[in-house]
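The residues making up each chain are set out below.
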4 protein chains.
Amino acid sequence: MKKPMDTWRSAIAASDDTHIWIHGYDVTDLMTRADFTDTVFLLHRGRLPNVGERRILNAILIAVADHGAGAPSCAAARLAASGNRQSLSAAVAAGILAIGDEHGGAGSACMEMIAAGSELSRTHSISIEDAARRIVEEALVSKKRLPGLGHRVHSTDPRKAVLFTLARREGMAGKGVAFMEALEQAAHEKIKPLPINVDGALAAVLYDLGFSPLFGKLVFIIGRVAGLTAEVAEEYAREKAMRIHIPVTYDGVPPREID
Amino acid sequence: MKKPMDTWRSAIAASDDTHIWIHGYDVTDLMTRADFTDTVFLLHRGRLPNVGERRILNAILIAVADHGAGAPSCAAARLAASGNRQSLSAAVAAGILAIGDEHGGAGSACMEMIAAGSELSRTHSISIEDAARRIVEEALVSKKRLPGLGHRVHSTDPRKAVLFTLARREGMAGKGVAFMEALEQAAHEKIKPLPINVDGALAAVLYDLGFSPLFGKLVFIIGRVAGLTAEVAEEYAREKAMRIHIPVTYDGVPPREID
Amino acid sequence: MKKPMDTWRSAIAASDDTHIWIHGYDVTDLMTRADFTDTVFLLHRGRLPNVGERRILNAILIAVADHGAGAPSCAAARLAASGNRQSLSAAVAAGILAIGDEHGGAGSACMEMIAAGSELSRTHSISIEDAARRIVEEALVSKKRLPGLGHRVHSTDPRKAVLFTLARREGMAGKGVAFMEALEQAAHEKIKPLPINVDGALAAVLYDLGFSPLFGKLVFIIGRVAGLTAEVAEEYAREKAMRIHIPVTYDGVPPREID
Amino acid sequence: MKKPMDTWRSAIAASDDTHIWIHGYDVTDLMTRADFTDTVFLLHRGRLPNVGERRILNAILIAVADHGAGAPSCAAARLAASGNRQSLSAAVAAGILAIGDEHGGAGSACMEMIAAGSELSRTHSISIEDAARRIVEEALVSKKRLPGLGHRVHSTDPRKAVLFTLARREGMAGKGVAFMEALEQAAHEKIKPLPINVDGALAAVLYDLGFSPLFGKLVFIIGRVAGLTAEVAEEYAREKAMRIHIPVTYDGVPPREID
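Anyway, here's the lowdown on the structure attached to this text. From a predicted model like this one, the values you see are computed outputs, not experimental measurements. (Residues numbered from 1 in each chain as written. Chains lettered and ligands numbered in written order. Predicted model: local features only at pLDDT ≥ 70, side-chain atom pairs only at ≥ 80, totals over all residues. Heavy atoms only, no water.)

## What about the overall build of chain A?
Stage number 1. When you go through chain A residue by residue, the secondary structure sums to eleven helices and five strands.
Stage number 2. Counting only C-alpha atoms and orienting by the principal axes, one finds that chain A spans roughly 65 × 65 × 50 Å.
Stage number 3. Taking contacts inside chain A between residues at least 6 apart in sequence as the whole, the part at least 24 apart equals 70%.
Stage number 4. Here chain A has roughly 9200 Å² of accessible surface; of this, 51% comes from carbon and sulfur atoms.
Stage number 5. Here chain A contributes 30 positive and 31 negative side-chain charges, whose respective centroids are spaced 2 Å apart. (Helix = DSSP H or I, 4+ residues; strand = E, 2+ residues; numbered from the N terminus. Contact = heavy atoms within 4.5 Å. Areas by Shrake-Rupley, 256 points an atom, 1.4 Å probe, with all protein chains shown as cover. Lys, Arg positive; Asp, Glu negative; His and termini not counted. Charge placed at Lys NZ, Arg CZ, Asp CG, Glu CD.)

## So, the relation of the copies chain A and chain B
Stage number 1. Rotating chain A by 180 degrees about the axis while translating it 0.0 Å along that axis superimposes it on chain B, leaving an RMSD of 0.0 Å. The superposition of one copy onto the other is thereby described by a two-fold rotation axis. When C-alpha distances to the rotation axis are compared across chain A, the minimum falls at A93 of chain A, with a value of 2.3 Å.
Stage number 2. Both copies contact each other with a shared surface, as 100% of the interface residues of chain A are interface residues in chain B too. (Least-squares fit on C-alpha atoms with pLDDT ≥ 70 in both.)

## A few points about the sheet that holds strand β4 (residues 25–26) of chain D
Residues and elements named next belong to chain D.
Stage number 1. Strand order across the open sheet formed by three strands is β2-β3-β4, with antiparallel pairing between neighbours. Bordering the open sheet on either side are β2 (13–15) and β4, each of which pairs with just one other strand.
Stage number 2. With three bridges connecting them, β2 and strand β3 (residues 20–22) associate as antiparallel partners. Opposite A13, over in β3, you have I22 as the bridge partner. (Pairing = 2+ DSSP bridges.)

## Details of the environment of A63 of chain C
Stage number 1. Note that A63 of chain C resides in helix α3 (residues 51–63).
Stage number 2. A relative accessible area of 2% places A63 of chain C in the buried class.
Stage number 3. Placed 97 residues apart in sequence, A63 of chain C and K160 of chain C show a C-alpha to C-alpha distance of 9.3 Å.
Stage number 4. Here A63 of chain C is in contact with R159 and V198 of chain C together with V27 and M31 of chain D, once residues within four sequence places are set aside. (Buried < 20%, exposed > 50% of the residue type's maximum accessible area, 1.4 Å probe, protein only.)

## Some points on the pattern of salt bridges
Stage number 1. Taken as a whole, this structure holds 70 salt bridges over all chains when the rule is applied.
Stage number 2. The residue E119 of chain B makes a salt bridge to R122 of chain B at a minimum N-O spacing of 3.1 Å. Placement of the pair is E119 of chain B and R122 of chain B together in helix α6 (residues 106–123), with a separation of three residues, close to one helical turn.
Stage number 3. With relative accessibility at 38%, the residue E119 of chain B sits in the partly exposed group.
Stage number 4. For the salt bridge of R159 of chain C with D157 of chain C, the shortest nitrogen-to-oxygen distance reads 2.9 Å. Each member of the pair R159 of chain C and D157 of chain C is classed as buried. (Salt bridge = Lys/Arg side-chain N within 4 Å of Asp/Glu carboxyl O.)

## Regarding the interface of chain D and chain C
Stage number 1. The interface is formed by 82 residues belonging to chain D together with 83 residues belonging to chain C.
Stage number 2. Across the chain D/chain C interface, buried area totals approximately 7200 Å², and carbon plus sulfur atoms make up 71% of it.
Stage number 3. Among the residues of chain D in contact with chain C, W8, M31 and F36 of chain D are the three that bury the most area, contributing 12% of the side total.
Stage number 4. Summed over the shared surface of chain D and chain C, the number is two salt bridges.
Stage number 5. When residues in the side of chain D that touches chain C are grouped by element, the largest group, 16 residues, is from helix α11 (residues 214–238) of chain D. (Buried area = accessible area lost by both parts, 1.4 Å probe.)

## Comments concerning the interface of chain A and chain B
Stage number 1. Chain A puts 83 residues into the contact, and the matching count from chain B is 83 residues.
Stage number 2. Where chain A abuts chain B, roughly 7200 Å² becomes buried across the two surfaces, and 71% of that area is made up of carbon and sulfur atoms.
Stage number 3. Counting the surface chain A buries against chain B, the share from its top three residues, W8, M31 and F36 of chain A, is 12%.
Stage number 4. Across the chain A-chain B interface, the total number found is two salt bridges.
Stage number 5. At the surface where chain A touches chain B, the tally comes to 18 residue pairs in polar contact (both at pLDDT 80 or more).
Stage number 6. By residue class, the composition of the side of chain A that touches chain B is 47 nonpolar, 21 polar and 15 charged. (Polar contact = N/O pair within 3.5 Å; in protein donor to acceptor, adjacent residues only side chain to side chain. Nonpolar A, V, L, I, M, F, W, Y, C, P; charged D, E, K, R; others polar.)

## Focus: the packing of aromatic side chains
Stage number 1. For the structure on display, the rule yields ten aromatic pairs over all chains.
Stage number 2. Plain terms: the ring middles of F211 of chain B and F215 of chain B are 4.2 Å apart, the flat faces sit at 10 degrees to each other, and that makes the pair stacked.
Stage number 3. Classification of F215 of chain B by relative accessible area gives buried; the value is 3%.
Stage number 4. Measuring from centroid to centroid gives 5.5 Å for F41 of chain D and F211 of chain D, while their planes differ by 80 degrees, and the two rings are edge-to-face. Highlighted residues: F41 of chain D in helix α2 (residues 36–45) and F211 of chain D in the loop between α10 (198–208) and α11, separated in sequence by 170 residues. There is no split in this pair, since F41 of chain D and F211 of chain D are both buried.
Stage number 5. Here the aromatic residues F41, F211 and F215 of chain A are joined through ring pairs into a cluster of three or more. (Phe/Tyr/Trp six-rings, centres within 6.5 Å; stacked < 30°, edge-to-face > 60°.)

## Points about the packing of helix α6 (residues 106–123) of chain C against helix α9 (residues 175–190) of chain C
Residue and element names in this part refer to chain C.
Stage number 1. Orientation of α6 relative to α9, taken along the N-to-C sense of each, is 95 degrees, at an axis distance of 10 Å. Our classification of the angle between α6 and α9 gives roughly perpendicular. Of the residues in α9, those touching α6 at C110, M113, I114, G117 and S118 are K175, G176, F179, M180 and L183.
Stage number 2. When grouped by side-chain class, the residues that make up the contact of α6 with α9 number six nonpolar, three polar and one charged. (Axes fitted to C-alpha atoms, helices over the stretch in contact; angles between N-to-C directions. Parallel < 35°, antiparallel > 145°, perpendicular 65-115°, else oblique.)

## Considering the side chain of T37 of chain A
Stage number 1. Position of T37 of chain A among the secondary structure elements: in helix α2 (residues 36–45).
Stage number 2. Here T37 of chain A falls in the buried class, since its relative accessible area comes to 1%.
Stage number 3. Within the local environment of T37 of chain A, its side chain forms a polar contact with the side chain of N58 of chain A, the two groups lying 2.9 Å apart.
Stage number 4. If we skip the residues at most four places from it in the chain, T37 of chain A touches R54, L57, N58 and L61 of chain A together with F36 of chain B.

## Description of the sheet that holds strand β3 (residues 20–22) of chain C
The strands making up a sheet associate through hydrogen bonds between their backbones, and the pairing can be parallel or antiparallel.
Stage number 1. The strand order across the open sheet formed by three strands is β2-β3-β4 (chain C), and the pairing between neighbours is antiparallel. Looking at which strands have only one partner, the edges of the open sheet turn out to be β2 (13–15) and β4 (25–26) of chain C.

## What about helix α11 (residues 214–238) of chain C?
All names here are of chain C.
Stage number 1. Its 25 residues place the ends of α11 36 Å apart at the C-alpha level, agreeing with the 36 Å of an ideal helix rising 1.5 Å per residue.
Stage number 2. Its axis deflected by about 35 degrees at R224, α11 carries its strongest bend there.
Stage number 3. Of all the 25 residues making up α11, 22 are buried; the element is thus mostly covered by neighbouring parts of the structure. (Expected span 1.5 Å × (residues − 1). Bend = angle between axes of the 7 residues up to and from the residue.)

## Looking at the relation of the copies chain D and chain C
Stage number 1. Mapping chain D onto chain C calls for a rotation angle of 180 degrees and an axial translation of 0.0 Å; the resulting RMSD is 0.0 Å.
Stage number 2. Most of the interface of chain D is mirrored in chain C: 100% of its interface residues are interface residues there too.

## Section: the side chain of S121 of chain C
Residue and element names in this part refer to chain C.
Stage number 1. Inspection of the secondary structure assignment puts S121 in helix α6.
Stage number 2. A distance of 2.8 Å separates a polar atom in the side chain of S121 from the backbone oxygen of I126.
Stage number 3. Discounting residues that sit within four places of it in the chain, S121 has contacts with I126, S127, I128 and A131.

## Brief notes about unusual backbone geometry
Residue and element names in this part refer to chain D.
Stage number 1. Here the phi dihedral of S125 falls at roughly 50 degrees; this positive angle occurs in a residue that is not glycine.
Stage number 2. Residue position: S125 is located in the loop between α6 (106–123) and α7 (128–142).
Stage number 3. Here the phi dihedral of M242 falls at roughly 60 degrees; this positive angle occurs in a residue that is not glycine.
Stage number 4. Here M242 is to be found in the loop between α11 and β5 (248–250).

And the structure:
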């Protein structure tokens, strides 16, 4: 006989016959007195945000929602929609699966780097600028990329200035913003101009808001799903199934016989 | 030689070296002057919502965000996180894959039924109440379930009253709300008490807001991803990998030899 | 208090401290005395195949394994691998999500059509040829496509002749093969030349082997995962992350200001 | 104007109007003269296997196909099938997403450890036994688990002996098998009895067959998809949608008011 499964435990949501609670708040109260961004914050932090926190989280979710159908996440969602019209979930999920350290997920690594830089500054009693310099030097030695700097498309990411200005106006710019600006400066001096990209910008402000590094990736997924659902809806509405065939050049062995 | 792929087309988002636009709005304007719910609306409708539309969409997204770790979507996400700690995307995607007509997706079918009821009323010059009665009778004959009515957990879903009250207060309750209330009444008379559930409630108000039926499913995915990301983060933070083993009783053929 | 979950039940596999059984056979016996295709058959049918059944299932699995990196399933897997190098599972899963009625999944619908044609022949005491003619006529009236006929790429699919020849040589060609040949003939007479494609061919022989329609889709997934894993491995080995950007032409509203 | 996408390249499969080739072999030749396991080998290695290689790959694929519905991969697939009956692909994909380093994926890490041990033996001119001892000592110091040793369920995994016996009988046991046996011995001496598990066994023989570490994970996905498809088919056939509700105990903050 197998023993029965242990009951799972969770501190997020609960429900009974006539109620649903999220971190203790009745969902009907949240529906009338909070907004969706508040709820995202609540789900991940266990409390509702203040005005500044809400504004910043809003700006981040918008920043990553979509920038074109050709990004790996959007294109993977459209390919799934092209071959499989039975499940909207399948298409959206395919899009999410293309999100990783390389696409949309650098925020997590960047938050870990900020935490390391902040720790370095504290334990060695050095300035945040000196900590940033050391991290740039280490990256040069180990030939690793610095997360949060540089961008494939945008020479200067327009979203970074908005996030940093907003964080300052709300009085929430702290070590995260300071470290990333110092890092950009140090990289400029020691390597080449590598402007802060959107991953670096959101990592800085999420760090200052007290989020854990995991959230640097999760926030991209939450924001991008708004875009992915729209991309899938457009694919259904405007395109025939199986419209997509990627052209491929075969460069393998020529035709041959089985011995 | 393969011919090159036709360029894809999209009317959603575009970018150049220093800009990103969503339906023509600069993303930096959206980040400072709109909120994430506005952006969800914009991505799916091509325009920004008015105050009432934003409030209603907010309430729907919150309503479906989470109601406990044991729902198929949340549990599938946790199982994936339990076996695969290399990819947050993989865990969130597994959760989304459990969303379908049976779990979270009934809103789409319900919106199609509302459209059919509305069309029946118009083409046969009958009241919306009579149209609802006919649809209940047809469901009885064909032994099909009526989408949007009845619930496994909640005898009276607390989220329905909030959505309908909000739609009325904002002056946006129309045929969708009227049809679903008539349907609930007709089902009560001809079958049994089958209160409007959250899928039926969100379908009614989304219909009145002019959304297409596909969005009845997509809105659940967008809202639920807030909860799924929190469930996955809690699994990572509180539980060891491979903690979950579902107890299974084998009821197949007994051990045997290969002939 | 929540009540504990009911134990699940399954007739497929069981294990204890020193054994694993699949439908009663010890996995160590299967490992030494059966092959993987036998095991696929066993898992889905509850018994081991005879020689002819094994040969035919082998041929089908090989037929669908891969035909190029540009198909939606392979391309979606590569896009996920391009953005997310943390999880091979995520990339393979993205590829599987592109499999549906439109891509690789027509076998299921075709098996259902064969079953309907066979039932029509039996209940109306008409020949299988007449049943096929009626189904072609119905498709013409309802303007529906006939599953299993016609192909986007191959004017004559080379895999069909192999499967039908093999089924005949093994003495296993029955109503499935007869119906599909009659359907191809009837479509030629009443519509245009529409040769049996690989979905139609595998549906015919799987029907004759006694598989259920669901397996018409599942067999494609099992076979294709061999190709998807190879495509993902090649993407990892030969290509840099984020190499793929699909070119997209924006055809939406021009830049505008928020009112 | 966006520039057109570069054509992708692939050395795996190609097709024209009447042919499909996999690594140069016509798929119709493979269908009649090879089996599916040959094709898996071909797709991943670019050549057909000899008899011994085929037998060993067969045994591995069978070994990992399924051992019960409660494993994370099988349970995630069933949860997705429970909430979403529109897409078999979605359910199978959800199952695959639960496969990672912790569940089914340890073969990759183990193959990397074998390669490191082999390199250590070569560069330091020490025996494979001494290399294994050093790696155990390093694991003790760094408090890391040794991949491929120990098991949650099976005290002695029955599949290991079958794989090693088969590799020896076929004359294909090499450094992989030798290293894993030395590692088991060294772990026994320095830590505690930690028998080689199925991941360790398949890693050893795949290493000796010349596969790359990535394949240690991919082979599990290929084999397990046979089981996942059967689990999903059984869920569809025997269970109602939404039958599964995992019991969860809420241990978060009690109900409270929004300030």
